[in-house]
Amino acid sequence: QVQLVESGGGLVQPGGSLTLTCAASGMIFSNYIVAWYRQAPGSQRELVASISSGGSTNYADSVKGRFTISRDNAKNTVSLQLNSLKPEDTAIYYCNARLAIPIRNYWGQGTQVTVSS
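The structure presented is a predicted model; accordingly, all values stated were derived computationally and were not measured. (Residues numbered from 1 in each chain as written. Predicted model: local features only at pLDDT ≥ 70, side-chain atom pairs only at ≥ 80, totals over all residues. Heavy atoms only, no water.)

Participant: Hey, could you run me through the overall build of the chain in this one?
Facilitator: A tally of helices and strands in the chain yields zero helices and 11 strands. Counting from the amino terminus, the chain carries its helices and strands in the arrangement β-β-β-β-β-β-β-β-β-β-β. For 117 residues, the compact-globule estimate of 2.2 N^0.38 gives 13 Å, and the C-alpha radius of gyration of the chain, at 14 Å, lies within 12% of that figure. The principal-axis extent of the C-alpha atoms belonging to the chain is close to 45 × 25 × 25 Å. For the chain, with 117 residues in total, the buried portion stands at 38%. For the chain, the share of sequence-separated contacts (at least 6 apart) that also reach a separation of at least 24 residues comes to 54%. Looking at the chain as shown, the accessible area adds up to about 6,100 Å², and 48% of this sits on carbon and sulfur atoms. (Helix = DSSP H or I, 4+ residues; strand = E, 2+ residues; numbered from the N terminus. Rg over C-alpha atoms; globule rule 2.2 N^0.38 Å. Buried < 20%, exposed > 50% of the residue type's maximum accessible area, 1.4 Å probe, protein only. Contact = heavy atoms within 4.5 Å. Areas by Shrake-Rupley, 256 points an atom, 1.4 Å probe, with all protein chains shown as cover.)

Written out as structure tokens, the structure reads:
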């Protein structure tokens, strides 16, 4: 069955870095648009970054210049490098993979990122 598993979250001090990884199984991963979303307590889930099957990337304004999304189709993984972390980056980070034809939309279980001194 299709599965997305996030890893790499944790507690980090402001200004620190983390690398999140989304590992996919049960799908032809290279065909999918993959995105990272986040949801802070009391807030809606928001798009952080996405990467197309061809490698084009898109970022939320709040993370541009600090976060970098990349994919390794041979390993069926997408990574999100988080640098210069701020307390407002604290959230559960979710991996999403979607396909337009046929319509497919999958979510991982999320990984917690906490930025605090």
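Participant: I'm lost on the pairing of strand 10 (residues 104-107) in this one. Help?
Facilitator: Side-chain positions along a regular strand alternate between the two faces of the sheet. In this sheet, strand 10 lies alongside strand 9 (residues 91-99) in antiparallel orientation, the contact comprising four bridges. Within the sheet, the bridge partner assigned to N96 lies in strand 10 and is W107. Adjacent in sequence and paired antiparallel, strand 9 and strand 10 are bridged by four residues. (Pairing = 2+ DSSP bridges.)

Participant: Even after reading the chapter, I still don't get unusual backbone geometry, so can you show me in this structure?
Facilitator: The residue after I101, namely P102, is reached through a cis peptide bond having omega -10 degrees. In this fold, P102 is placed in the loop between strand 9 and strand 10. Not every positive phi belongs to a glycine, and N76 is a case in point at roughly 55 degrees. Note that N76 resides in the loop between strand 7 (67-72) and strand 8 (77-82).

Participant: I tried to follow the sheet that holds strand 3 (residues 18-25) on my own but got confused; where do I start?
Facilitator: The strands that make up a sheet pair up through hydrogen bonds in the backbone, lying either parallel or antiparallel. If you trace the four strands from one edge of the open sheet to the other, you get 1-3-8-7, paired in antiparallel fashion. Strand pairing shows two members of the sheet lacking a second neighbour, strand 1 (3-7) and strand 7, which therefore form its edges. Between one strand and the next, the sheet's axes are offset by a mean angle of 15 degrees, whatever the strand orientation. In this sheet, strand 8 lies alongside strand 3 in antiparallel orientation, the contact comprising six bridges. Within strand 8, the position partnered with L18 by the bridge is L82. (Axes fitted to C-alpha atoms, helices over the stretch in contact; angles between N-to-C directions.)

Participant: What is the right way to read the environment of T111 from this model?
Facilitator: Its place among the elements puts T111 in strand 11 (residues 111-115). On the accessibility criterion, T111 (12% relative accessible area) is buried. Discounting chain neighbours no more than four positions away, the residues touching T111 are E6, S7, G8, G9, L20, A91, I92 and Y93. At 3.2 Å, the side chain of T111 and the backbone nitrogen of G9 are in polar contact. (Polar contact = N/O pair within 3.5 Å; in protein donor to acceptor, adjacent residues only side chain to side chain.)

Participant: Any chance you could explain the nonpolar core here in plain terms?
Facilitator: Proteins that are soluble and globular tend to have nonpolar side chains buried together. Judged by nonpolar contacts, the single largest core of 30 residues is most densely connected at W36, L80 and Y93. Only strand 3, strand 4 (33-39), strand 5 (46-51), strand 7, strand 8, strand 9 and strand 11 provide two or more residues apiece to this core. By residue number, the principal contributor to this core is strand 9, which donates five residues. (Core = buried A, V, L, I, M, F, W, Y, C linked by side-chain atoms within 4.5 Å.)

Participant: I keep staring at the pairing of strand 11 and nothing clicks. Help me out?
Facilitator: Only one face of strand 11 is buried, namely the one carrying T111, V113 and V115, since none of Q112 and T114 on the opposite face is buried. One ladder, built from three bridges, connects strand 2 (residues 10-12) with strand 11; its direction is parallel. Note that in strand 11 the partner of V12 across the bridge is V115. Here strand 9 pairs with strand 11 via three bridges, running antiparallel. Residue pairing in the sheet places Y93 in a bridge with T111 of strand 11.

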